[in-house]
2 protein chains.
Amino acid sequence: MSSTQNKPNKNNKVSLAQIAKAAGVSKMTASRVLRDEGGFSESTRARVMAEIDRLGYVPNRLATVFAGDQRSTFVGVSIPELGNEIFAQVLEGIDRKLGAFGHQTVLGMTEHALEQEEKWLETVLSWQPAGLIVTGRSHTPKSIQLLSGAGIPLVEIWDFNSSPLDMSVGLNHFDSGYSMGRYLTGLGYRQFGYVGTSHDTANAASARLAGYAKVIGDSGGSLKKQLLLKDAPGFYTGYYGTEQLLAANSDVEVIYYQNDNMAVGGLNYCQKRGLSIPGDIGIAGWGDLPIASILPYRLTSTAVPHLRIGMIAAEMVLSQINGEARRRSQDVGFTLIPGSTVRSQLE
Amino acid sequence: MSSTQNKPNKNNKVSLAQIAKAAGVSKMTASRVLRDEGGFSESTRARVMAEIDRLGYVPNRLATVFAGDQRSTFVGVSIPELGNEIFAQVLEGIDRKLGAFGHQTVLGMTEHALEQEEKWLETVLSWQPAGLIVTGRSHTPKSIQLLSGAGIPLVEIWDFNSSPLDMSVGLNHFDSGYSMGRYLTGLGYRQFGYVGTSHDTANAASARLAGYAKVIGDSGGSLKKQLLLKDAPGFYTGYYGTEQLLAANSDVEVIYYQNDNMAVGGLNYCQKRGLSIPGDIGIAGWGDLPIASILPYRLTSTAVPHLRIGMIAAEMVLSQINGEARRRSQDVGFTLIPGSTVRSQLE
DNA sequence: TTGAAAGCGATACCAC
DNA sequence: GTGGTATCGCTTTCAA
């Protein structure tokens, strides 16, 4: 039984060959019609299209990619977690842009574990993706090897990286923590606290903490306590983290949080305790998250273009796929928001 | 040039044939070692593995699937939006479970548009996914045709559906809106408001609104205003939606929101305006979202197991793939949370 | 405008 | 234990 057969394949799925047979043309002609490649008559086209409709043909893109030795239209995207709305937004930015250009996001949740990233990478690469977007700049040696050898567009996001493996878009988290620390020391604060969550690996949040700690040390202040909770960085974690921190360090004057949601949790804890803000204690968050827009006061924070990071990353991958010139690395920066949850002037 | 060649392919990627050649065995033997299938000596195994490592071989799963005429390990997952943390959590539940069993999530954001779902479906099906999880129970005719003909496990989530196309897990949103409405009418409320967001299509939120409206009508109350904003259902939308609603309907006694985040936005607007809660106005949300855990009072709401819906959906797909018995449809239910942002007794 | 044949990278099947 | 050969569904290439 040779080329132009009409028996169904093992999956009982309609194949191009069956379409061709039914339309009375060769596989090649049917293939040309399908790709609208030209080189066929209108009547042929009509016949083939009719059969496609009638038989409910769904092309097997696996075979297409395979035959052409091309890449798929997949783009692998790894992010640490979805529960964290910051990353959900970054992902939304990526998928919106990718989807608009006919690409599909293959998701990889690493849960902040480099080994999980490595495992995911191996799998996703075996599907011949057209590009890769990964969160963070640190990877296992094996991951780096895979990433470098893949020969496809790669963007490392979130942490800005001036010498990326391929491309990068993000911001300097150390600087962002440093700038908040400097702002707060400038207001006369001396006794500092930090509440965040801990993960196995060096990550962006710990870079912010490092910058914060650095400027505090340099200016003669004291970072009384850095609390790293083993929990998701959300409202409630901020709430009970603040409770813990204040229970043991009642002299802390201001607390910096891993993000705004945790800060709002802390804020509410303080209010419940009857502490005045910023009179008794200062509160600073990070990320300028949606919740900040409805508080009765402006939360001291750092604004970051989450969605934009995702969109830019997707654009970088897409333009690289299309062989256009691209920017290797882009720093989207950050904006410190003074707010009213810390002192407004030097005391 | 026959079977055991060693020239690199067009993508400059290492193939099994090259590994085999380098190790001095046939492709088949190399393939067996790779799959740890048995039927080779330890020394052969060692030689092949060494070459795999040395050459940095990454298998081409496209070819594997193709050759075996199997399905891929992809599972297509469509959700309306990621910015909405409810769906982000559902997706997290799905991907965690799927990832643990060696499957990959191929994302599809439909932005609440049925046509976008249809377009995505066509694409994702061409990649021979092992299963499909889609949000919602309404689809275009073409989508239904594709879904029915796909011959792979399919779960419709979010809206519980007693006669799904294949399988379903979710809850009855109409009932959930009805139960809240009944609770509120039972407390003596008569003038009702609703604040949500609008989307083109019939969706779960509008089913809740319908249930709410139904019970209000039946009990002789009045749904003064149902405000459907063209915006994402977040904190700020709830805030300004409440402002709009109250400006035109000052006699409304209680407002039901599309979700807790919007309710908290409304709550903050009321507080800013100096309205007492629940004295001057009652507030009810939906979803029991994280923010509710840190408020100084319990938000009246409806608790729903978001993450669990995702996990169950993934489990349904997985067990179906593995040919195990499965449940066709599962109603995860909901729990009304009385809270303290509405009257506590009949007035 | 059309078609026949070769081949993409792996696996199934059968022979040795 | 090991290897040859056919094959998956499609595109590339070349010829008509």
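Residues numbered from 1 in each chain as written. Chains lettered and ligands numbered in written order. Predicted model: local features only at pLDDT ≥ 70, side-chain atom pairs only at ≥ 80, totals over all residues. Heavy atoms only, no water.

Draft legend 1. View of the side chain of Glu117(B). All names here are of chain B. The residue Glu-117 is located in helix H6 (residues 114-125) in this model. No salt bridge is formed by the buried Glu-117; the nearest opposite charge belongs to Arg-137, separated by 12 Å. Beyond its immediate sequence surroundings of up to four residues, Glu-117 is in contact with Ser-78, Thr-110, Val-134, Thr-135, Ser-138, His-139 and Ser-143. (Helix = DSSP H or I, 4+ residues; strand = E, 2+ residues; numbered from the N terminus. Buried < 20%, exposed > 50% of the residue type's maximum accessible area, 1.4 Å probe, protein only. Lys, Arg positive; Asp, Glu negative; His and termini not counted. Salt bridge = Lys/Arg side-chain N within 4 Å of Asp/Glu carboxyl O. Contact = heavy atoms within 4.5 Å.)

Draft legend 2. How the structure looks around helix H3 (residues 42-55) of chain A. The end-to-end C-alpha distance of H3(A) is 20 Å, a good match for the 20 Å that 14 residues give at a rise of 1.5 Å each. In the stretch just after H3(A), Gly56(A) is the one whose phi turns positive, near 65 degrees. (Expected span 1.5 Å × (residues − 1).)

Draft legend 3. Quick peek at the sheet that holds strand S7 (residues 222-229) of chain A. All names here are of chain A. With parallel pairing, the four strands of this open sheet are ordered in space as S7-S6-S8-S9. Each edge of the sheet is formed by a strand with only one pairing partner; in this case those strands are S7 and strand S9 (282-284). In this sheet, neighbouring strand axes are inclined to one another by 15 degrees on average, regardless of whether the strands run parallel or antiparallel. Bridge count for strand S8 (residues 254-257) against S9 is three bridges, and the pairing is parallel. Paired with Ile-255 across the strands is Ile-283, a residue of S9. Across the face of the sheet, helix H8 (residues 173-186) comes into contact with strand S6 (191-197), S8 and S9 while running at roughly 165 degrees to S8. Across the face of the sheet, helix H9 (residues 204-218) comes into contact with S6, S7 and S8 while running at roughly 170 degrees to S7. (Pairing = 2+ DSSP bridges. Axes fitted to C-alpha atoms, helices over the stretch in contact; angles between N-to-C directions.)

Draft legend 4. The arrangement of the sheet that holds strand S3 (residues 131-135) of chain A in detail. Pairing is mixed in the open sheet, where twelve strands are placed in the order S11(A)-S5(A)-S4(A)-S3(A)-S1(A)-S2(A)-S2(B)-S1(B)-S3(B)-S4(B)-S5(B)-S11(B). The open sheet terminates on both sides in strands that have one partner only, identified here as strand S11 (329-331) of chain A together with strand S11 (329-331) of chain B. On average, each strand axis in the sheet is tilted by 20 degrees relative to the strand beside it, whichever way the strands run. Strand direction decides the pairing type here: S3(A) and strand S4 (residues 154-159) of chain A, joined by four bridges, are parallel. Residue pairing for S4(A): Ile133(A) is matched across the bridge by Val155(A). The strands touched by H6(B) are strand S2 (104-109) of chain A together with strand S1 (74-79), strand S2 (104-109) and strand S3 (131-135) of chain B; relative to S3(B), the strand with the most contacts, the crossing angle is about 170 degrees.

Draft legend 5. Highlighting the packing of aromatic side chains. This structure, assessed with the given rule, holds 25 aromatic pairs over all chains. With 5.9 Å between their ring centres and 70 degrees between their planes, Tyr194(A) and Tyr256(A) make a pair best called edge-to-face. Residue Tyr194(A) is found in strand S6, and its partner Tyr256(A) is found in strand S8; the two are separated by 62 residues along the sequence. Exposure remark for Tyr256(A): the relative accessible area of 0% places this residue in the buried category. A ring pair is formed by Tyr239(A) and Tyr269(A), whose centres lie 5.5 Å apart and whose planes are at 85 degrees; its orientation type is edge-to-face. In this pair, Tyr239(A) is assigned in helix H10 (residues 235-248) and Tyr269(A) in helix H11 (residues 260-273), connecting sequence segments 30 residues apart. Tyr269(A) shares its class with Tyr239(A); the two are buried. Following the ring pairs from residue to residue traces out a cluster consisting of Phe74(A), Trp127(A), Phe74(B) and Trp127(B). Positioned above the aromatic ring of Trp286(A), the side-chain terminus of Arg208(A) is 3.6 Å from the ring centre. (Phe/Tyr/Trp six-rings, centres within 6.5 Å; stacked < 30°, edge-to-face > 60°. Lys NZ or Arg CZ within 6 Å of the ring centre and 35° of its normal.)

Draft legend 6. Expanded view of the interface of chain A and chain B. If you look at the interface, chain A gives 52 residues, while chain B gives 52 residues. Taking both sides of the interface into account, the surface hidden between chain A and chain B amounts to around 4,800 Å²; carbon and sulfur atoms contribute 65%. When residues of chain A are sorted by the area they lose upon contact with chain B, Leu62(A), Trp127(A) and Ile294(A) head the list and together hold 16% of the total. In this structure, the connection of chain A to chain B is made through zero salt bridges. Counting every contact that joins chain A to chain B gives twelve residue pairs in polar contact (both at pLDDT 80 or more). In the side of chain A that touches chain B, the residues fall into 25 nonpolar, 17 polar and ten charged. Relative to S2(B), S2(A) runs antiparallel, the two sharing three bridges. The partner of Leu107(A) across the bridge, within S2(B), is Thr105(B). (Buried area = accessible area lost by both parts, 1.4 Å probe. Polar contact = N/O pair within 3.5 Å; in protein donor to acceptor, adjacent residues only side chain to side chain. Nonpolar A, V, L, I, M, F, W, Y, C, P; charged D, E, K, R; others polar.)

Draft legend 7. Expanded view of unusual backbone geometry. Omega for the peptide link from Ile277(A) to Pro278(A) comes to 5 degrees, which places this bond in the cis form. Tracing the sequence through the fold places Pro278(A) in the loop between H11 and S9. A positive phi angle is found at Trp158(A), which is not glycine, with a value near 85 degrees. The topology assignment puts Trp158(A) in strand S4. Here Trp158(A) falls in the buried class, since its relative accessible area comes to 5%. Unlike most non-glycine residues, Gln128(B) shows phi in positive territory, near 55 degrees. Its location among the elements puts Gln128(B) in the loop between H6 and S3.

Draft legend 8. Main features of the nonpolar core. Ile157(A) and Ile157(B) are the most contacted members of the largest nonpolar core, which totals 139 residues. Counting 32 residues, the second-largest nonpolar core is a separate cluster that includes Leu62(A), Val134(A), Leu147(A) and Leu146(B). (Core = buried A, V, L, I, M, F, W, Y, C linked by side-chain atoms within 4.5 Å.)

Draft legend 9. Structural view of the domain arrangement of chain A. Segmenting chain A into domains produces domain 1 (16-59), domain 2 (74-171 + 306-332) and domain 3 (173-303). With centres defined by C-alpha atoms, the gap from domain 1 of chain A to domain 2 of chain A works out at 37 Å. (Domains from an automatic or database assignment.)

Draft legend 10. Highlighting the relation of the copies chain A and chain B. With an RMSD of 0.2 Å, the operation that places chain A on chain B is a rotation of 180 degrees combined with a shift of 0.1 Å along the axis. Both copies of the chain, as the preceding transformation shows, are related through a two-fold rotation axis. It is Val106(A) whose C-alpha, among those of chain A, lies nearest the rotation axis, at 2.2 Å. (Least-squares fit on C-alpha atoms with pLDDT ≥ 70 in both.)

Draft legend 11. Spotlight on the pattern of salt bridges. Residue and element names in this part refer to chain A. Taken as a whole, this structure holds 24 salt bridges over all chains when the rule is applied. A salt bridge links Glu-51 to Arg-54; its shortest N-O distance comes to 2.7 Å. In this pair, Glu-51 and Arg-54 both sit in helix H3, three residues apart, roughly one turn of the helix. Take Glu-51: its relative accessible area is 13%, and that puts it in the buried class.

Draft legend 12. The arrangement of the UniProt feature "domain: HTH lacI-type" (unreviewed entry) in chain A in detail. Those places that UniProt annotates as "domain: HTH lacI-type" (unreviewed entry) correspond, in this numbering, to residues 14-68 of chain A. Along residues 14-68 of chain A, the helical share is 71% and the strand share 0%, with 20 Å between the first and last C-alpha atoms. (UniProt positions renumbered as here; feature names shortened; annotations may be inferred.)

Draft legend 13. Highlighting the pairing of S3(B). All names here are of chain B. The buried fraction of S3 amounts to five of the five residues, a majority that puts the element mostly inside the structure. Pairing between S1 and S3: four bridges, direction parallel. Paired with Val-75 across the bridge in S3 is Gly-131.

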